[in-house]
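Working through the structure, step by step
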Amino acid sequence: MSSLLPLSFASPMLLGSLLLLALIWWLLRVTPPRPEIEVFPPLKILAKVLESEVTPRKTPWWVLLMRLAMAAMVILALADPVLNYVVRLANGSGPLVIVVDNGWPSARIFESQMRTANSLIDEAEKGGRILYIAATAAQPSAEAGPFDPTTARKVLATVEPRPVASERGRVLGKIAGLVKGKAGTTVAFLSDGVSLSGDEAAFKSIDTSDLDNFIWFMPKPSSFAAITSVANTADALDIEVANYGPAAMVTIAAFDGKGRRIGETQLVPSGQTGHAILSAPFELRNDVQAVVIEGQKLSAATYVLDETLRRKRVALISGSEYDEGQPLLAPLYYIRKAIEPFADIVDPKSAEIAAGLKEAFESRPSVIIIADVGTIPEAAAAALQQFIENGGILIRFAGPRLAAADEDLFLPVTLRKGERMLGGSMSWTEPQHVAEFPKDGPFAGLTAPDNVTVSRQVLAEPNADTGAQTWASLADGTQLVTAVSRGKGRIVLFHVAPQATWSNLPISGSFVDMLRQTIRLSSGTGGAEGLNGTAFLKPWRTIGAGGALGPAPSDAKPLPIIAGKTPVASIENPPGLYGSDEGAAALNLLQSGTVLQAALPPTMAAKVESRDYVSDENRSLKGILLAIAAIILILDGLAMILMNRRPMFARAAITAALAIVLLPILLTSNGMAQDSDARPGDAEAIAAISVTRLAFIKTGSAETDKVTMEGLQGLTYYLTDKTTLEPADPVGVDAETDELAFYPLLYWPVDPDAPMPSDKALARVDAYMQAGGSVLFDTRDQGGSSFSLIDDASPANTRLRAMLGAMNVPPLEPVPDDHVLTKSFYLLKEFPGRYSGSPLWVEQVLDTVSRADRPVRTGDGVSPILITGNDFASAWALDENGEPLYPTEPDDAEQRIMALRAGVNIVMYMLTGNYKSDQVHIPSLLERLGQ
């Protein structure tokens, strides 16, 4: 590839053919036009006797020029010229500093940033300038330069979008120190377009004395959205969305931990923020692990949820009944009001404690709150003990009954009998205020209420463990809240009554916060992080720069959990889930109330120049040059006809030329006017349905389509040999134009390098599946990762998720052991292909339990979609002699046989449906076998 200013040629050697123009000029110049031919009517000759006719000896100069231009256009077109867009730098020899904004918003424009940065390096190389390169979301220890152009390109290749916020101030300060005293410096700042709170201070700190020019690159106006918070309310998920740019409708979907789609909603943000409501049953909402804005490959478009955001089910038990006309005196009134916004409340109907607890256990609560109960009945003690040891939380409140009760196993501390009176006529002490909450306790971060006083309480017998068991205390050091761990759960005791008779705590806002924090401890994380200072949770699943939730990168570090402090996503701790599958804490990128605004060029003493990013639309000039050559050819022909005085032929030539120019336009218009979904003729339809054949969706990649055709041809051979089915030769179909209904199964190899299917093609395939057809998607990437709807994955997996985002895809699951697919022809346990590690995903079956009278799992018809990453086609590919064309990985003949059997089962499943699950035939079959 050679370059001439912004013009490059793919075949520059052909430009040498321009030397032939001299030879063409000489040939045209010495060759006169063809003599004029005349008929021999004598009278006509006599009529022209007096005319002086001259036959030119040379070609006219303007015809010569036109033909030379036509030859030049053809030669230039064959050299395949491309018009490149480059960045021009101001004249200068000082250093060039390239700052790449690679924070989370850069994922949408990163290719433009890289093109621009490489173009800047090219220009700096021409000017002999040294280079500095820095990324605003890189490790602080990353080297910034100086670099020569070759090294700079290598350093630039290591820069990638990061799912964290940029640190512009730190990076600009680092760069300022490196170039201090170097006159003629040019800074090119490749902005991601989103403003940060410290931008003004960061740019003002730059020393402009050595700065000649500051180039600010800004992406073109666009629109995207990010999720800033999710709240699990009583009826739905309340999703707060921050909008950037013009408001546009977004689709928000919720996924569980297995990547299954739970629900979706749509939102058009009004202004800079908006709230989307995703309604779903309580149980489904508690299974949500990630909420995703579809179609926006940004880390801020994915929001993860942990157990703290699960809506807890809380059972309320009371040991006393109060008049309904005096609800404020009821033991559970203030508790109910405090937890209603963030918990589902279960009210057992029975007033008897043991029976009420039995009803509560049937609802499977996370927390049980017992108010004013002296002793737990023995009939419920064993079940309550098991509930706590399995991870449940028991919260108890003091009251007259508890103060008078004997020793109870379901208390965190041993209580003194009786109540302590404060501020009464028989007491020397005043009502006590609440002391500051311990910094290493679960209430750390909450402000101790200064307007809350306690006049009555139950006291704990002091021992060596009392201090560690105290979560909150009064100003005199006596206990307000104590707790103890039992197995995986806890017992928590409030040493005051839940009514406003012993304290005004129940009518304060602190009461709500304390109950919320206590109930949150029923999460899988156990809440242990808040009890002993700082804990560290290992990274489990993190959000990538493209918004996919997947395995944590190797450079992610454990997340420190400090009581009372909200962790913030950083380069070392990217957003995601920290912990394990037994319990994890969520770390998200943005906080509630975040507003996204466009970044503006900085104001500084140096000259600031705003530019657009280098476009990726490098324009090929080959077609334009050939079109110009064709026009010149037509004009040359018309000129020759007119010069030979043939008006009739001239009119015909003009008509033909217009037809040549207008015919493509007319054909295009006619094609657009036709119905793109028009069905073929009856003869074609009859030919297509008269025999069963396998089909695949053409990807546009010749190599991929070749392997797919060979694979389906090999499976056709195997079906013919092993079954009574004799399919015809397989065919490739165009999803956008061909009729799909003729084929029971479409195999679609997902090729990330092929063009993205059009919306029309995806819509037609979606309609095909809705009408009863089935599509087998094969990402062929098991060597890289396996399919998941939210896992970070290979490019093929990412492409498949983008395609499925435009379709109505049902909930999916790996093929269960008792699915019809495992026994539709052969008895199979897995579905290998060229690889063997990826499961085969199918529509989730509603009947999830096998029964004795139905040995296979039934479903609602045939699954419209199957997904694998095992590369079936390469394993199926056989020649006419049955010899394999491609090796398996590992190279195992048994694996290939199992892959072919898997293909047979899939085809039989598509053709027969759930025939194998229908047991109506069993009696007659057994009778025929003599059993």
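Because the structure is predicted, anything quoted here is derived from the model rather than measured.

Two elements in contact, helix α18 (residues 702–722) and helix α22 (residues 893–912), have axes separated by 10 Å at closest approach and are oriented at 80°. Overall, the two elements α18 and α22 adopt an arrangement that is roughly perpendicular. Where α18 approaches α22, its residues Leu715, Tyr718 and Leu719 are matched on the opposing element by Ile897, Leu900, Arg901, Gly903, Val904, Val907 and Met908. Here the residues of the contact of α18 with α22 are counted per class, giving eight nonpolar, one polar and one charged.

The next point concerns the pairing of strand β12 (residues 273–279). Two faces, one strand: in a regular strand the side chains alternate between the faces of the sheet. Residues of β12 alternate between two faces, with Gly274, Ala276 and Leu278 buried on one and Thr273, His275, Ile277 and Ser279 left unburied on the opposite face. Two strands pair when backbone bridges link them, and strand β9 (residues 236–244) and β12 are joined in this way by seven bridges, in the antiparallel orientation. In the strand pairing of β12, Leu237 is matched with Leu278.

This brings us to the nonpolar core. By size, the foremost hydrophobic cluster in this structure holds 57 residues, and its most contacted members are Trp104, Phe214 and Ile239. The residues contacting Phe214, other than those within four sequence positions of it, are Val187, Phe189, Phe203, Ile206, Pro602, Met604, Lys607, Val608 and Glu609.

Confidence in the prediction for the protein averages 78 pLDDT; 78% of positions are at 70 or higher. With pLDDT under 50 throughout, residues 524–533 is counted as low confidence; its partners more than four residues away or in other chains account for 26 contacts.

Take the pairing of strand β23 (residues 470–473) next. In terms of strand pairing, β23 meets strand β24 (residues 479–486) through three bridges, oriented antiparallel. Directly across from Ser473, in β24, lies its bridge partner Gln479. The turn joining β23 and β24, which pair antiparallel and follow one another in sequence, is formed by five residues; a positive phi near 90° is taken by Gly477.

Taken in spatial order, the three strands line up as β8-β9-β12 in an open sheet, and their pairing is antiparallel. The sheet is open, and its two edges are formed by β8 (224–232) and β12, each paired on a single side. Direction aside, neighbouring strands of the sheet carry axes that sit 25° apart on average.

Across all of its chains, the model carries 20 aromatic pairs by this definition. Here Tyr333 and Tyr334 contribute two aromatic rings whose centre-to-centre distance is 5.2 Å and whose plane-to-plane angle is 85°, an arrangement assigned as edge-to-face. Measuring from ring centre to ring centre gives 5.0 Å for Phe825 and Tyr826, while their planes differ by 70°; the resulting arrangement is edge-to-face. A relative accessible area of 37% places Phe825 in the partly exposed class. Residue Tyr826 is classed as buried on the basis of its relative accessible area, which comes to 16%.

Turning our attention to helix α4 (residues 110–127). A rise of 1.5 Å per residue sets the reference length of α4, with its 18 residues, at 26 Å; its end C-alpha atoms lie 26 Å apart and thus fit the reference within 8%. Along its buried surface, α4 packs onto β4 (96–100), β5 (131–135), α5 (149–157), β6 (185–190) and β7 (211–217). Where α4 terminates, the next one or two residues include Gly128, which has phi positive at roughly 65°.

Here Ser508 shows up in the loop between β25 (489–494) and α14 (509–520). Residue classification places Ser508 among the buried positions, given a relative accessible area of 12%.

On to the environment of Pro749. Its location among the elements puts Pro749 in strand β36 (residues 745–749). Each C-alpha atom, one on Pro749 and one on Arg780, is 7.3 Å from the other, the two residues being 31 residues apart in sequence. Setting aside residues no more than four positions away along its own chain, Pro749 makes contact with Ile697, Thr699, Thr704, Thr708, Asp778 and Arg780.

Parameters at a glance
Residues numbered from 1 in each chain as written. Predicted model: local features only at pLDDT ≥ 70, side-chain atom pairs only at ≥ 80, totals over all residues. Heavy atoms only, no water. Axes fitted to C-alpha atoms, helices over the stretch in contact; angles between N-to-C directions. Helix = DSSP H or I, 4+ residues; strand = E, 2+ residues; numbered from the N terminus. Parallel < 35°, antiparallel > 145°, perpendicular 65-115°, else oblique. Contact = heavy atoms within 4.5 Å. Nonpolar A, V, L, I, M, F, W, Y, C, P; charged D, E, K, R; others polar. Buried < 20%, exposed > 50% of the residue type's maximum accessible area, 1.4 Å probe, protein only. Pairing = 2+ DSSP bridges. Core = buried A, V, L, I, M, F, W, Y, C linked by side-chain atoms within 4.5 Å. pLDDT = per-residue confidence, 0-100. Phe/Tyr/Trp six-rings, centres within 6.5 Å; stacked < 30°, edge-to-face > 60°. Expected span 1.5 Å × (residues − 1).

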